[in-house]
Every structure is written in C-alpha cells, then in structure tokens.
Amino acid sequence: MTSNPIHIIGGGLAGSEAAWQIASAGIPVKLHEMRPVRGTEAHKTDGLAELVCSNSFRSDDAQANAVGLLHAEMRLADSLIMACADANQVPAGSALAVDREGFSQAVTAKLEAHPLITIEREEVAGLPPEAWNQVIIATGPLTAPNLASAIQAQTGADALAFFDAIAPIVHFDTIDMNKAWFQSRYDKVGPGGTGKDYINCPMDKDQYYAFVQALIDGGKTEFKEWEGTPYFDGCLPIEVMAERGVETPRHGPMKPMGLTNAHNPQTKAYAVVQLRQDNALGTLYNMVGFQTKLKHAEQVRIFRMIPGLENADFARLGGLHRNTYLNSPTLLDHSLQLKSRPGLRFAGQITGCEGYVESSAIGLLAGRFAAAERNGTPVSVPPYTTAFGALLGHITGGHIVSDDEPGKRSFQPMNVNFGLFPPVEAPKTAGKRLRGKDKIVAKRHAITSRAIADCREWLGLPALPVVEEVAEAAE
Ligand SMILES: Cc1cc2nc3c(=O)[nH]c(=O)nc-3n(C[C@H](O)[C@H](O)[C@H](O)COP(=O)(O)OP(=O)(O)OC[C@H]3O[C@@H](n4cnc5c(N)ncnc54)[C@H](O)[C@@H]3O)c2cc1C
C-alpha cells in the first residue's frame with residue numbers, strides 16, 4: 001500500500017463518493033472541504049454530502065426509470081451515497097427521499113471513521129500543487145471563486161461557464177414527423193451537414209400569437225438573490241423575448257425564413273420552432289433558442305402547443321441557473337482526466353452532469369478511475385449501454401457541437417435519461433409488434449435489463465438470469 005494520498009477537493013456528493021471508492025481500493029485519501037471555514041450561497045451546514053435543496057434522489061424504479069437504474073448500478077458498485085440514502089429513507093412513494101440531516105451525518109461519520117481517509121477543513125484557493133500528483137476536483141456548481149479562476153486560467157476563459165442556459169431537449173421518437181420536417185435553413189449544407197439537419201415545427205399566425213401569449217402568461221421561477229439576472233446576448237429566455245414584443249421571437253429563434261414546409265409547400269409558416277440533434281445517437285433533439293425560466297409544468301404545457309410536439313416527451317426541461325461547469329467534451333478524456341494536466345480529474349456537477357444522483361455517480365467513477373491508475377491496473381470505462389456509461393458518454397463525448405455556430409459553446413448539463421442510451425428494438429409479444437405506451441415500456445425494460453447485465457459484467461460480478469437481475473436491482 002502506498003502512503004501518498006489521492007487528494008480530493010470538495011466534500012460534497014461527488015467528493016464523498018470518490019473518497020469512499022478510493023479508500024475501498026486500499027489507497028489513502030486526503031479530502032479537502034472548505035466548509036465551515038468558508039461557506040457557499042446554498043450550503044447551510046458543515047456536513048459532508050449536504051443536500052442543498054430537495055431531499056429527493058428521484059425515482060427508485062430500476063426497470064422503467066433512468067435515474068432508478070443509476071441507483072441500482074451504484075448499489076452494485078458499493079456506493080456510499082446510496083448506502084447512506086437507503087439507511088435514511090423517508091416515505092416518498094416510488095421515489096427515494098431521505099432525511100437530509102441523517103443522510104449527511106451518516107456520510108460524514110463513515111468517512112471520518114475510515115482509517116485511510118483524512119479530512120482537512122480548508123479552502124483550496126488555487127490549482128493543486130504539482131506535488132499532489134493525483135487529484136480529483138469535485139467542488140460543484142458553487143466552486144469558490146479563487147479556485148474557479150485558477151481552473152479558468154488552466155483551461156481557457158470559454159471553457160468554464162458560471163451559468164447554464166438550458167433549452168429543453170425532446171426524445172426524437174415522440175416528435176410527430178407528419179407535422180414536422182427535416183430541413184436546414186436555406187438548405188445550407190455547412191461543414192458536416194446534409195442540408196436537412198434541423199427538425200422544423202410550423203405555426204400559422206393564430207397558433208403563433210396564442211403561443212407567445214402563453215409564454216408571457218406562463219408561471220416563471222425567480223432567480224435567487226445571489227444569482228443576479230445573468231441575461232446576455234445569445235441566452236435571453238424565450239419568454240423574456242416574448243415580453244419585449246409579440247413579433248420579437250419571430251425575428252429571433254422562431255424565424256420562418258429559408259424554410260419550406262415539406263408537408264404543405266404552398267403555405268408559408270408564420271413562425272417555425274427548430275430542433276437540433278443533441279447527441280451522436282440521434283435520439284435527442286434540443287429546442288434551438290428556447291432557454292427558459294418557465295416552471296417545468298408550464299414548459300410541458302406550453303411547448304406541447306407547438307405543432308409536432310403535442311406528445312413530446314422531454315428528456316430535460318429548460319432552465320437558467322448559477323452553475324460552474326466545464327466544457328468537458330473538449331477538456332476531459334474518457335476517464336474524466338484533464339487532457340492538459342494528466343493526474344488531475346474532475347467529478348460531480350462541475351463536469352456537466354446535473355442532480356444529486358448523477359453527481360455522486362460521476363464521483364464514483366472518478367474515484368474508481370483514480371484508484372485503478374494508482375494501483376497500476378487498466379482504467380476500465382463502463383460500457384455505454386449502462387447508466388454509468390451513458391452519463392459518462394454525455395460528459396466526455398456524446399454531445400454534438402453544432403457546425404453552423406462555430407466557436408459557440410453548446411454543451412449543457414444533463415440529467416441521466418433514456419435518450420443517452422444506445423437504442424434497442426422493442427421486443428415483440430407473441431410475434432406481434434407493440435405500439436404506444438406498451439412499446440415505450442417494453443423498450444425501457446429492454447434497456448434496463450441490458451444495462452444491469454452489462455454493469456455486472458463491468459464490475460466483475462457474476463451474471464444473473466435477466467429477469468432476476470432486474471428484480472434484484474430494483475430491490
Ligand atoms: C441552489 C441549488 C439547488 C440544487 N437543488 C438540487 C435538487 O433539489 N436536486 C438535485 O438533484 N440537484 C440539485 N442541485 C444540483 C446538484 O446536483 C447539487 O448541487 C449537487 O450537490 C452537486 O454535487 P457536487 O458534489 O458536484 O457538488 P456539491 O455537493 O456542491 O459539493 C461541492 C463541495 O465543494 C466544496 N468546495 C467548493 N469550493 C471549494 C474549494 N475551493 N476548496 C474546498 N472545498 C470547496 C463545497 O463547500 C461543497 O461542499 C442544486 C444545485 C444548486 C446550486
């Protein structure tokens with residue numbers, strides 16, 4: 001055993017999980033957490049893995065929900081966060097919700113008691129010294145400013161964002177292509193394009209006016225006092241545009257110019273909503289220019305007014321938040337290591353995932369990768385068919401950078417969702433093709449069964465018959 005510790009900066013969800021994974025591999029860890037010496041705008045305690053807002057880890061359904069599947073995979077990988085969540089569960093239907101204080105206290109106690117883990121209560125105010133040859137930065141969406149500036153100096157000014165401006169993302173197979181059509185504006189081919197790169201949803205004048213009114217009337221979330229109002233060109237929320245004048249969106253992201261409705265070429269649309277491919281698999285499309293502060297339920301209601309999106313299933317809804325995160329697909333390698341400084345890894349929300357569970361899962365992976373490297377064993381990346389691998393793929397490569405907006409940064413944080421997984425054929429029942437909801441449910445079950453089997457194999461666990469695997473994971 002080596003006495004040279006792996007350093008982790010940030011004892012939130014990701015840092016705590018990474019520390020546990022590394023120590024479980026027999027390697028010493030030094031965990032640097034700045035609270036209570038210095039606080040953040042959202043944390044209230046000095047506990048490790050504090051939940052800053054809701055007490056929910058979302059759905060625990062491992063068969064039909066992507067975050068439930070991630071829970072199951074984390075349990076298989078001996079996750080500290082999941083063990084402490086399970087031990088501090090409070091009733092919440094099919095969701096996994098926890099007693100937030102009990103949960104954070106349990107994580108803190110486990111890490112404090114581990115003989116290989118030392119916890120330093122101090123702010124790391126710059127890039128780690130070279131003497132710390134293996135480091136994980138897991139300082140989260142509210143990374144302290146000095147460290148954030150140092151990361152920015154290392155990675156480049158455009159590589160670290162301080163706000164996310166998120167437009168909704170839709171599952172492709174829920175878009176009605178009898179109303180929408182593929183076409184790039186003016187059929188422009190562009191580098192790597194085909195002239196048919198966008199999905200276009202047409203509106204007539206009445207539909208457009210009703211839609212703009214709904215945007216204006218829709219319920220909005222407010223910025224927290226400390227967040228300020230980070231509107232700048234290029235990320236104005238769609239409802240703010242609507243408030244500036246009924247015709248404004250039509251001269252911005254909803255402009256109809258250069259587009260001909262393939263289903264009705266004689267009639268010019270009054271406005272068009274465009275969606276652009278978001279992942280290499282082609283399963284997800286983002287709504288171009290539709291970053292928004294509308295409440296989530298309002299987004300679903302209002303965006304389903306768009307012709308072609310009446311039955312849209314949203315992989316992610318829009319938002320605008322204070323959030324420190326890297327342009328990871330460009331900066332990090334497949335094992336979350338900074339390409340420009342090997343030995344320095346990132347984990348948690350700062351890598352461009354979103355949510356307690358996702359942040360913890362990326363902490364778990366970063367911890368395992370760092371431990372493997374220290375032990376001189378090959379770094380094994382989880383297959384993309386698993387929830388671990390699908391999420392890692394989004395962060396380190398799956399996202400598509402738009403060709404027609406060169407230089408514009410388009411990577412945005414993401415929750416785990418089924419659109420990130422390689423598609424499967426829906427199984428047939430008695431030789432018949434399934435339709436509608438049955439087809440969606442069958443596809444999800446096929447994805448989750450495949451994921452659990454592949455995750456077990458990746459972890460070196462014995463294979464189980466498919467049905468039992470899923471049942472066990474859902475327990
Ligand atoms: C206001 C807010 C509300 C949120 N609500 C939810 C929610 O309800 N549900 C959900 O799923 N997700 C939510 N998130 C998103 C996110 O999943 C959580 O923020 C999650 O805690 C991220 O985990 P993390 O480990 O990456 O970062 P954190 O859990 O924030 O941990 C980072 C740690 O690093 C420490 N730190 C920062 N800088 C330094 C430094 N320089 N030196 C030493 N230590 C440092 C911090 O004190 C903190 O303990 C929210 C985020 C914010 C900002």
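Note that the structure is predicted; figures quoted are calculated from it, not measured. Counting restarts for each chain, with residues numbered from 1 along the sequence as it is written. Given that this is a predicted model, residues contribute local features only at a pLDDT of at least 70 and side-chain atom pairs are listed and counted only at 80 or more, while totals for whole chains, interfaces and linings are drawn from all residues. Only hydrogens and water are set aside; all other atoms, that is, all heavy atoms of the structure, feed into the side-chain values.

1. A short note on the nonpolar core
Each nonpolar core is a collection of buried residues, namely Ala, Val, Leu, Ile, Met, Phe, Trp, Tyr and Cys, held together in the definition by side-chain atoms within 4.5 Å. A 1.4 Å probe rolled over the protein chains alone gives each residue an accessible area, and that area as a share of the maximum for its type sets the label: buried under 20%, exposed over 50%, partly exposed in between. Core analysis: the largest hydrophobic core is formed by 89 residues, its most contacted members being Phe-57, Phe-103 and Phe-388. Looking at this core element by element, the count peaks at 10 residues for helix α10 (residues 356–375). Note on definitions: a residue-residue contact is assigned when non-hydrogen atoms from the two residues lie within 4.5 Å. In contact with Phe-57, other than residues within four places in its own chain, are Leu-51, Val-67, His-71, Ile-81, Met-82, Ala-85, Leu-96, Val-98, Phe-103, Tyr-356 and Val-357. Counting 33 residues, the second-largest nonpolar core is a separate cluster that includes Cys-201, Val-212, Ala-214 and Ile-238. A helix here means a DSSP run of H or I that spans at least four residues, while a strand means a run of E at least two residues long, and both kinds are numbered starting from the N terminus.

2. Some thoughts on the packing of aromatic side chains
Pairing of aromatic rings covers Phe, Tyr and Trp, the last counted by its six-membered ring, and requires centre-to-centre distances within 6.5 Å; plane angles under 30 degrees mean stacked, over 60 mean edge-to-face, and any other angle means tilted. By the definition in use, this model includes 13 aromatic pairs. Taken together, the ring pairs in this structure connect Phe-57, Phe-103 and Tyr-356 into an aromatic cluster. Sitting over a ring, as applied to charges here, requires NZ of Lys or CZ of Arg to be within 6 Å of the ring centre and within 35 degrees of the ring normal. Between the NZ or CZ atom of Arg-250 and the centre of the ring of Tyr-270, over which it lies, the distance is 3.9 Å. Residue placement shows Lys-293 over the ring face of Phe-223; its charged tip is 4.0 Å from the ring centre.

3. Re the confidence of the model for the protein
Confidence of the predictor in every single residue is expressed as pLDDT, which spans 0 to 100. Looking at the protein, pLDDT values average 91 and 94% of them are 70 or higher. Contacts of residues 468–475 to residues separated by more than four positions or lying in other chains number 17 contacts, the stretch itself having pLDDT below 50.

4. Re the pairing of strand β13 (residues 284–287)
Every second residue of β13 is oriented toward a common face, with Leu-284 and Asn-286 on one face and Tyr-285 and Met-287 on the other, all of them buried. Here, a strand pair is defined by DSSP locating no fewer than two bridges between the strands. Where strand β9 (residues 169–171) and β13 come together, 3 bridges link them in antiparallel fashion. Each bridged residue has a counterpart across the sheet, and for Val-170 the counterpart in β13 is Tyr-285. Taken together, strand β12 (residues 271–277) and the strand that follows it, β13, pair antiparallel across an intervening segment of 6 residues, in which Gly-282 is found at a positive phi of about 75°.

5. Considerations on the site of the ligand
We call a residue near a molecule or strand as soon as one heavy atom of that residue lies within 4 Å of the molecule or strand. Residues in close proximity to the ligand total 32 residues, the closest being Glu-33, Arg-35, Gln-349, Gly-355 and Tyr-356. Any N or O atom pair separated by 3.5 Å or less is treated as a polar contact, with the protein-specific requirement of one donor-capable and one acceptor-capable atom, and with residues adjacent in sequence counted only for side-chain atom pairs. Take Met-34: an N or O atom from its main chain is 3.2 Å from a nitrogen atom of the ligand. In the environment of the ligand, an oxygen atom lies 2.8 Å from a nitrogen or oxygen atom belonging to the backbone of Gln-349. What sets the accessible areas is the Shrake-Rupley method with a 1.4 Å probe; for residues, cover comes only from the shown protein chains. Notes on the ligand: free accessible area 970 Å², of which the protein chains cover 90%. Contributions of two or more residues to the shell around the ligand are made by α1 (13–24), β2 (29–33) and α10. Residue classes in the shell around the ligand are distributed as 14 nonpolar, 14 polar and 4 charged. Here the nonpolar group is Ala, Val, Leu, Ile, Met, Phe, Trp, Tyr, Cys and Pro; Asp, Glu, Lys and Arg are the charged ones; every other residue, Gly included, is treated as polar.

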